[in-house]
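Observations on the model geometry
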Amino acid sequence: MKSQAKAWVLAGLLLPAFILGCTATTTVQGPPPTRVEVIPAAPSARHVWIPGHYIRRGRNYVWVNGFYRVAPARYNAWAPGHWQQTRRGQVWVDGHWQ
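Conventions used here
- Residues numbered from 1 in each chain as written.
- Predicted model: local features only at pLDDT ≥ 70, side-chain atom pairs only at ≥ 80, totals over all residues.
- Heavy atoms only, no water.
- Buried < 20%, exposed > 50% of the residue type's maximum accessible area, 1.4 Å probe, protein only.
- Phe/Tyr/Trp six-rings, centres within 6.5 Å; stacked < 30°, edge-to-face > 60°.
- Helix = DSSP H or I, 4+ residues; strand = E, 2+ residues; numbered from the N terminus.

Bringing unusual backbone geometry into the picture now. The phi angle at Arg74 is positive, at roughly 80°, despite the residue not being glycine. Using a relative accessible area of 77% as the deciding quantity, one classes Arg74 as exposed.

Shown next, in the form of structure tokens:
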């Protein structure tokens, strides 16, 4: 009985931490303006440029440089990620292959 009560107390203490951890992707203030990148020549015709973007790390934004990636079979374009405004703040929507 005591072990079950301890488990409930532990769950009650950890639940708020899990909930707060899930909200780390929203922010009231958006990232800084996108940096201007010089896009080098593609290594091959199958490579697609993935543009650079900011990602959120705690309270700061970190720039991720753009890079080339070989497009998977059946895909030939990359839809870049973007920040989308929601009721809770701005949320990063990942890019995807088209």
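This paragraph deals with the packing of aromatic side chains. By the definition in use, this model includes five aromatic pairs. Aromatic pair Trp49 and Tyr68: ring centres 5.0 Å apart, planes at 70°, arrangement edge-to-face. With a gap of 19 residues between them, Trp49 in strand β1 (residues 47-50) and Tyr68 in strand β4 (residues 67-70) connect regions that are remote in the sequence. The class for Trp49 is buried, based on a relative accessible area of 18%. With 4.9 Å between their ring centres and 70° between their planes, Tyr54 and Trp63 make a pair best called edge-to-face. The same class applies to Tyr54 as to Trp63, namely buried. A connected cluster of aromatic rings, assembled from ring pairs, spans Tyr54, Tyr61, Trp63 and Trp83.

None of the figures reported here should be taken as evidence of function without further support.
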